[in-house]
Amino acid sequence: MMLDVAMTKRLKHFDLDLAFSCAPGELTAVIGPSGAGKTTLVRLLAGLEKPDSGKIAFGEEVWADAEQRVFLPARKRGLSLVFQDYTLFPHLTIRKNVAFAASDEDRVDELMSMFGISHLASCRPSAISGGERQRAAFCQALARNPVLLLLDEPFSALDVANRRNLRSCLKELKSELNIPILHVTHDLDEALFLGDTVMAVESGRIAPDWLKEQQAIQRHLAVSGLSRAGVGTSVHTSEPTAEEPALLGCG
Amino acid sequence: MDWTPLILSAKLAFWTMLLIPVVASPLASLLAFGRFRGKSLLDAVITLPMVMPPTVLGFALLVVMGPRGFMGGLWEDLTGNRLVFSFAGILMASLVFNLPFAVQPLRASLEKLDPRLLESAAVLGLSPLSAFFRIVLPNCLGGLAAASILVFAHSLGEFGVILMVGGSIPGQTQVASVAIFEAVEALRFDDAFRMSAALIPVCFVVLLIINKINARRS
Amino acid sequence: MKRICSLVLALCLLVPSGASAADLLIAQAANFTPVMKEIIPAFEKATGLTAQATYASTGKLYGQIVNDAPFDIFLAADEKRPNKLHADGLAEKPFIYAMGQVVLWSADKGFCGEDWKATVLSPAVKRVAVANTETAPYGTSAMKAMQKVGVWDKVQPKLVFGQSISQTFQFASTGSADVGFCAYSSVFTDEGRKGCFVVVDQAPPVIQAACVLKSASHPDAAAKFVEFLSSPEVQAMKLKYGYK
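Residues numbered from 1 in each chain as written. Chains lettered and ligands numbered in written order. Predicted model: local features only at pLDDT ≥ 70, side-chain atom pairs only at ≥ 80, totals over all residues.

Caption draft 1: The confidence of the model for chain B, seen in detail. Averaged over all residues, the pLDDT of chain B equals 88, while 99% of them reach at least 70. Put simply, helix α11 (residues 189-217) of chain B is where chain B has its lowest mean pLDDT, 83, and helix α5 (residues 87-111) of chain B is where it has its highest, 91. (pLDDT = per-residue confidence, 0-100. Helix = DSSP H or I, 4+ residues; strand = E, 2+ residues; numbered from the N terminus.)

Caption draft 2: Spotlight on the interface of chain B and chain A. Contacts between chain B and chain A engage 14 residues on the former and 15 residues on the latter. Elements supplying a minimum of two residues to the side of chain B that touches chain A: α6 (115-123) and α7 (128-139) of chain B. Element by element, the count of residues in the side of chain B that touches chain A is highest for α6(B), at 6 residues. Of the residues in the side of chain B that touches chain A, the class split is 7 nonpolar, 4 polar and 3 charged. (Contact = placed C-beta atoms within 7 Å. Nonpolar A, V, L, I, M, F, W, Y, C, P; charged D, E, K, R; others polar.)

Caption draft 3: Region of the structure containing the pairing of strand β9 (residues 181-185) of chain A. All names here are of chain A. Of all 5 residues that make up β9, 5 are buried, and the element is covered over most of its length. Neither face of β9 is exposed, since I181, H183 and T185 on one face and L182 and V184 on the opposite face are all buried. Of the pairings in the sheet, the one linking strand β3 (residues 27-31) to β9 comprises 5 bridges and is parallel in character. Looking at the pairing, T28 lines up with L182 of β9. Since strand β8 (residues 149-152) and β9 lie parallel, the crossover through helix α5 (residues 160-177) that links them has a hand, and here it is right-handed. (Buried ≥ 20, exposed ≤ 12 C-beta atoms within 10 Å, placed from the backbone. Pairing = 2+ DSSP bridges. Right-handed = clockwise from strand over helix to strand, strands pointing away.)

Caption draft 4: Representation of the interface of chain B and chain C. Counting residues at the interface gives 15 residues for chain B, matched by 13 residues for chain C. Of all the elements in the fold, those that place two or more residues in the side of chain B that touches chain C are α3 (54-65) and α10 (176-185) of chain B. Classifying every residue of the side of chain B that touches chain C by side-chain character gives 8 nonpolar, 3 polar and 4 charged.

Caption draft 5: Region of the structure containing helix α2 (residues 39-51) of chain B. In a regular helix each residue adds 1.5 Å, so 13 residues correspond to 18 Å; α2(B) covers 19 Å between its end C-alpha atoms and thus fits that length. At B:V45, α2(B) is bent by approximately 25°, the largest bend along its length, and proline B:P49 sits one to four residues beyond. (Expected span 1.5 Å × (residues − 1). Bend = angle between axes of the 7 residues up to and from the residue.)

Here you go:
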C-alpha cells in the first residue's frame with residue numbers, strides 16, 4: 001500500500017512542511033543536515049507525534065488528519081521502526097525480543113538466521129555487541145511483517161564493517177518485503193546506495209538544491225583524488241578500506 | 001511476654017508491603033510518564049503524609065474513615081463493618097502513610113527507564129496497560145523491591161497514625177509500637193524493654209536486606 | 001541579608017523569655033486545662049506573682065519530673081503518680097485538688113438514655129470508647145463502673161481504648177465510637193455541647209491529687225498557690241467545668 005504524506009508541524013526554529021509519497025517496494029532515503037526535522041518526520045509517520053495540519057495516509061487508511069481530527073495511535077498502525085540506538089527490551093532474551101510482536105515463529109528463526117544472530121538467541125541485549133544488537137533490532141522490526149518500515153539512522157552507531165553488511169542486507173530485502181521503506185540517514189553514500197528516491201530535507205522542507213550541493217562537493221572531492229568512487233546510482237564517496245570485510249550471514 | 005502486638009505489627013507491615021506496589025505503581029507511572037496539568041499538585045498531595053505530623057494525619061484519617069466520613073461510610077455500606085478501629089482501618093492508614101515512601105523511589109526508577117522503550121512497545125502494538133505490565137514493571141523490579149522493603153521497615157515503627165485511628169484494641173489494632181508506649185505509660189518498663197528488644201533485630205535485618213538490594217542495583 | 005538575619009536572631013535572644021521570669025512553674029495534667037487557665041490569672045491578680053503552666057498527660061509530666069524538670073508543683077489526673085513521687089522522696093505529701101466524674105457521652109442524641117447500662121449493651125451501639133484502663137484514671141473508673149453493674153465482659157468486644165481521656169472524647173465526638181466514657185468536664189467544651197451525656201453514678205470519683213515538689217525553686221510561691229487552690233473562687237471555677 002502507498003504511503004501518502006502532506007502535512008506540516010511547527011518545530012522550534014522552523015516549520016516542517018513536507019509532501020511526498022512512497023510506494024511498496026520503494027525505499028525513500030531521507031537525507032539532510034542535523035536538526036532538519038528528519039527524526040520528527042519519522043516520529044510523525046510512526047504515530048508518536050501528531051501533525052499540526054495536513055494528512056498522513058496509508059492506502060485507504062487515514063493515519064492522521066489534522067483538520068478532521070483523526071489520529072491513529074502508533075500501536076494500531078502495524079509498522080516497524082528501527083532507531084539509531086537499538087532499543088531492545090533489556091529484560092528479555094534476544095529471541096524473545098525478536099519474537100515480541102511476531103506471530104510466526106518460523107519467520108523469527110528465518111530472520112535470525114538471515115542476519116546471523118541465531119547463536120545469540122538466549123543472550124541478553126547487554127551481553128552482545130552493538131552490531132549484533134542492531135541486527136536483532138532489525139529482526140524484531142521485520143518479524144511482525146510490518147506494513148511500513150521506518151529507519152532512523154539505523155547504521156550510524158555501527159562500525160564500518162557492520163554498516164556495509166547491513167546496508168547490503170537491506171538492499172536485498174527491499175524487493176522481498178515489498179513495503180514502503182523510509183530510511184533516514186546523514187550519509188549521502190548510503191542514501192544514494194539504498195534509495196530509489198533520495199529526498200533532501202533542510203529546515204523542514206524538501207531541498208533539492210541542498211542535495212545538488214552535496215553531490216557537487218562529493219564530485220569535487222572525487223576529482224581531487226581524496227576518495228574512491230564506489231557502487232551506486234551516481235558518483236559518490238565511500239570510506240576508504242583496505243579490503244572488503246567478511247560478510248556475516250546476510251548477503 | 002505477650003507476642004500478640006509484635007505479631008500484629010508484623011502482619012500490618014507485611015500486608016502494607018504487599019499492597020503498596022498496587023497503589024503506588026499507577027501513581028508513580030502517572031508522575032513519571034504523564035504530561036498533564038496539575039501534575040505538581042498530585043505530587044504534592046501524595047507527598048503530604050510525609051511532611052504532616054502523624055497526629056494531624058491520624059486525625060484527618062479518623063474523620064475520613066469514621067462512619068460519617070466518605071471512606072468509612074462507603075466501607076460500612078459495602079461490608080457492614082466499621083472501618084475505623086479495625087485491622088482493615090489501620091492497614092488503610094498505613095497505606096496512606098507509606099504512600100510517598102513507595103511512590104518516590106518507584107518514580108525515580110521509572111524515570112530512569114529509556115522512554116524509547118515505551119515508544120518501541122507502542123509501535124510494536126502494545127497497549128499502554130500491556131506495556132506497563134510487560135515492559136515497565138519487569139524493568140523496575142529493583143526499585144519496586146527497594147520500595148516494598150522500605151515500606152515494611154517503616155510500617156513496623158508506625159505509631160502516631162495507628163494510635164489515632166486504631167483504638168488500641170488488643171489483638172486487632174494494638175500494634176507493638178502502641179503496646180510499648182502503653183507499657184511505658186503504665187510504668188511496666190520490663191515489658192516495654194522486652195518488646196523493643198524483639199523489634200530491633202527485625203528492623204536491623206530488614207535494613208541489611210535493603211542495603212543489599214540497593215548495592216546490587218548500582 | 002545575612003546581617004539582617006543575625007541581627008534579628010540576636011534581638012530574639014535578648015528579649016527576655018517569659019519562662020524564666022515566672023514566679024511559679026506548674027505541671028498540670030491536660031484534662032484540667034480550661035480550669036487552670038482561669039485559675040492562673042486570678043492567682044496572679046490576687047498575689048501579684050506570675051505563674052506559668054505546662055499542660056501534658058500525667059504520665060509525661062511524671063516522667064519529666066523524675067528527670068529533674070524544674071517544676072514547683074505537680075497537679076496530676078490521679079493519685080498514683082503524686083503518691084509515688086512522695087514515696088520516692090521527690091515531693092511533699094500529696095493533697096486532693098479536684099474530683100472528676102465519669103459520664104457516658106455521645107454525639108448522637110439517641111444514645112443518652114438514663115440507663116447507660118442498656119445503652120452500651122444495645123446492638124445499635126457498635127463501638128464504646130474508654131480511656132486506657134491501666135494508665136488513665138477515667139478509664140480505670142469507667143471499668144470499675146462496668147464491672148460493678150456486670151457488663152464488663154459483654155462490652156469487651158465493642159471497646160476501643162483511647163490513650164488519654166481527651167483521645168477518648170475525640171473518638172466519641174467524631175462519631176467513630178458511638179458512645180464514650182468521658183470526663184464530665186468535656187461536656188462543657190464547645191464540642192461537648194454538641195452532644196449529650198448521662199452521669200455514670202457507679203463510677204468512683206476520679207481523685208486528682210497534687211503535690212509540691214521538693215526540688216521546687218519557688219517554695220513560697222508554691223505554698224501561696226496551694227492556699228489559693230482551696231479558695232471559694234477556685235471552687236466556683238471547678239464547678240463550672242464539672243469538677244468538685
